[in-house]
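Secondary and tertiary structure notes
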Amino acid sequence: MTAIPADSSTPVVLPVSKAVLWLAGTTVLALILYYFIGIDQGATSVFGNDMHVHEFVHDARHFLGFPCH
Amino acid sequence: MEKKLVLWGLVSGALAGLLAFVFARIFAEPQIQAAIDYETGRDAAQEALNQAAGIAPEPAESELFSRAIQANLGIGLGMVLFGVAMGALFAVVYTVCLGRVGTVRPRTLAMLVAGAGLLAIYLTPFVKYPANPPSIGHPDTIGDRGGLYLIMVLGSIVFLVAAVWLGRRLAPNLGNWNASLVAGAAFVVASGILMAILPPLGHLSANVAEYGMQNTETPQPLTDPAGHIVFPGFPADSLFEFRLYSVGAQIILWGALGLVFGPLAERVLRRGRALAATG
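These lines cover the structure that appears in this document, whether it is placed above or below. (Residues numbered from 1 in each chain as written. Chains lettered and ligands numbered in written order. Predicted model: local features only at pLDDT ≥ 70, side-chain atom pairs only at ≥ 80, totals over all residues. Heavy atoms only, no water.)

When you go through chain B residue by residue, the secondary structure sums to seven helices and two strands. Starting at the N terminus and walking to the C terminus, you meet the elements of chain B as α-α-α-α-α-α-β-β-α. The principal-axis extent of the C-alpha atoms belonging to chain B is close to 85 × 40 × 30 Å. Within chain B, the proportion of its 279 residues that are buried is 45%. Look at the contacts in chain B between residues 6 or more apart in sequence, and 79% of them connect residues 24 or more apart. Surface accessibility of chain B: about 14,100 Å² in total, with carbon and sulfur atoms responsible for 67%. In chain B, 17 positive and 17 negative side-chain charges are present, and the distance between their average locations comes to 29 Å. (Helix = DSSP H or I, 4+ residues; strand = E, 2+ residues; numbered from the N terminus. Buried < 20%, exposed > 50% of the residue type's maximum accessible area, 1.4 Å probe, protein only. Contact = heavy atoms within 4.5 Å. Areas by Shrake-Rupley, 256 points an atom, 1.4 Å probe, with all protein chains shown as cover. Lys, Arg positive; Asp, Glu negative; His and termini not counted. Charge placed at Lys NZ, Arg CZ, Asp CG, Glu CD.)

See the structure below:
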């Protein structure tokens, strides 16, 4: 096995404490997006008894593997 | 630097979602339409049986969006936004992994993180609860099915993170190769146990009460009171193709995500290193 030269590997350690706001915020937004594409107005619903989001992304929901009616 | 990485994650994710959408539009939509046609035909047969038995017909459901909207705009926006969401998560995991998972090149790390995303968020849950076309899946069980699917997704993410941690712990003693094998085996065993514990969808109480003991919710042949088959079960070939394309779309999505993000991240990291050297 050849050794990987240090300058072409990934030794850069980002201080997570400094970046934590950005990383946490990004994660939360991504999870909200995941929720609306895959789950909302199926198992649970934030807009009550409305099916617009569900019906609009209906095909994507099936195809991406989420449970659907 | 983390802001740039997140930005490139979003861009790569959108592009990957777009590619997966093009694939879906060409290969998946015909299967989705075939499944909807099957459902329409089956409903008509059921209606005829009900009428013969003297049961009043159910009022037709009104449609919020036409099939044309769902099959083009809906699936397009859904896949692109899913790509954006996965790209964002990908960038966060990539940033946290930088320098913490051994000496890996930026591009290699991008492909590893993409593979991990595919495995934990899609493939492992798929083994237990595979993707289903329309007409498979009973409305009464959507709550249970959603919960079970999320348990599978969450479980495989936790197991994979634990496996990576285990591999890193074992690497100094066993060497990288053997440590990776042990960690991989631990992931497979843990996921297998979770799959064995969770119930098959056909065993949910609402399904057993209505359809008897089946393994899945895939529609069985429709029979009249005398036991004659009046409408076939869901076509097996159609189901196989839908699931094959579903896996294909995810491989395209995660593959594109890693391949596009890798070089971009490499540039960001090289600049960061140059800045640190001169500053």
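Quick look at a negative patch on the surface now. All names here are of chain B. A surface patch of negative charge is lined by Glu-39, Asp-43, Glu-58, Glu-61 and Glu-63. Its place among the elements puts Glu-39 in helix H1 (residues 2-52). Judged by relative accessible area, Glu-39 falls into the partly exposed class, the value being 32%. (Patch = residues over 30% accessible without salt bridge, like charges linked within 9 Å, V, L, I, M, F, W, Y side chains within 5 Å. Salt bridge = Lys/Arg side-chain N within 4 Å of Asp/Glu carboxyl O.)

How big an interface is tends to be stated in terms of accessible area lost as the parts join. At the junction of the two partners, chain B supplies 63 residues and chain A supplies 40 residues. Of the roughly 4,600 Å² buried between chain B and chain A on both sides combined, carbon and sulfur atoms contribute 73%. Put simply, chain B and chain A have one salt bridge between them. As a salt-bridge pair, Asp-59 of chain A and Arg-67 of chain B come within 2.9 Å of each other at their nearest N and O atoms. Taken together, the elements giving at least two residues each to the side of chain B that touches chain A come down to H1, helix H2 (67-97), helix H3 (106-128), helix H4 (142-174) and helix H7 (236-278) of chain B. Per-element accounting of the side of chain B that touches chain A gives the leading share, 20 residues, to H2 of chain B. When its residues are assigned to classes, the side of chain B that touches chain A shows 42 nonpolar, 13 polar and eight charged. (Buried area = accessible area lost by both parts, 1.4 Å probe. Nonpolar A, V, L, I, M, F, W, Y, C, P; charged D, E, K, R; others polar.)

A few words on the nonpolar core. Counting residues in hydrophobic clusters, the biggest one holds 65 residues, and the most contacted among them are Tyr-34 and Phe-63 of chain A together with Met-79, Met-86 and Tyr-94 of chain B. Those elements that provide at least two residues to this core are helix H1 (16-38) and helix H3 (58-63) of chain A together with H1, H2, H3, H4, helix H5 (176-197) and H7 of chain B. With residues near it in sequence (within four places) discarded, Tyr-34 of chain A still touches Ile-39 and Phe-66 of chain A together with Phe-82, Ala-85, Met-86, Ile-121, Tyr-149, Leu-150 and Val-153 of chain B. Among the nonpolar cores identified, the runner-up in size contains nine residues, and Leu-49, Ile-136, Phe-231 and Phe-234 of chain B belong to it. (Core = buried A, V, L, I, M, F, W, Y, C linked by side-chain atoms within 4.5 Å.)

Across all of its chains, the model carries 17 aromatic pairs over all chains by this definition. With 4.9 Å between their ring centres and 75 degrees between their planes, Tyr-94 of chain B and Phe-261 of chain B make a pair best called edge-to-face. With Tyr-94 of chain B in helix H2 and Phe-261 of chain B in helix H7, the pair connects residues that are 167 residues apart, well separated along the chain. In terms of burial, Tyr-94 of chain B and Phe-261 of chain B fall into one category: buried. Through successive ring pairs, a cluster of aromatic residues spans Tyr-34 and Phe-66 of chain A together with Phe-82 and Tyr-149 of chain B. (Phe/Tyr/Trp six-rings, centres within 6.5 Å; stacked < 30°, edge-to-face > 60°.)

Further remarks concern unusual backbone geometry. Residues and elements named next belong to chain B. Despite not being glycine, Ser-135 has its phi angle at roughly 85 degrees, a positive value. By the element assignment, Ser-135 lies in the loop between H3 and H4. The exposure class of Ser-135 is buried, given its relative accessible area of 13%.

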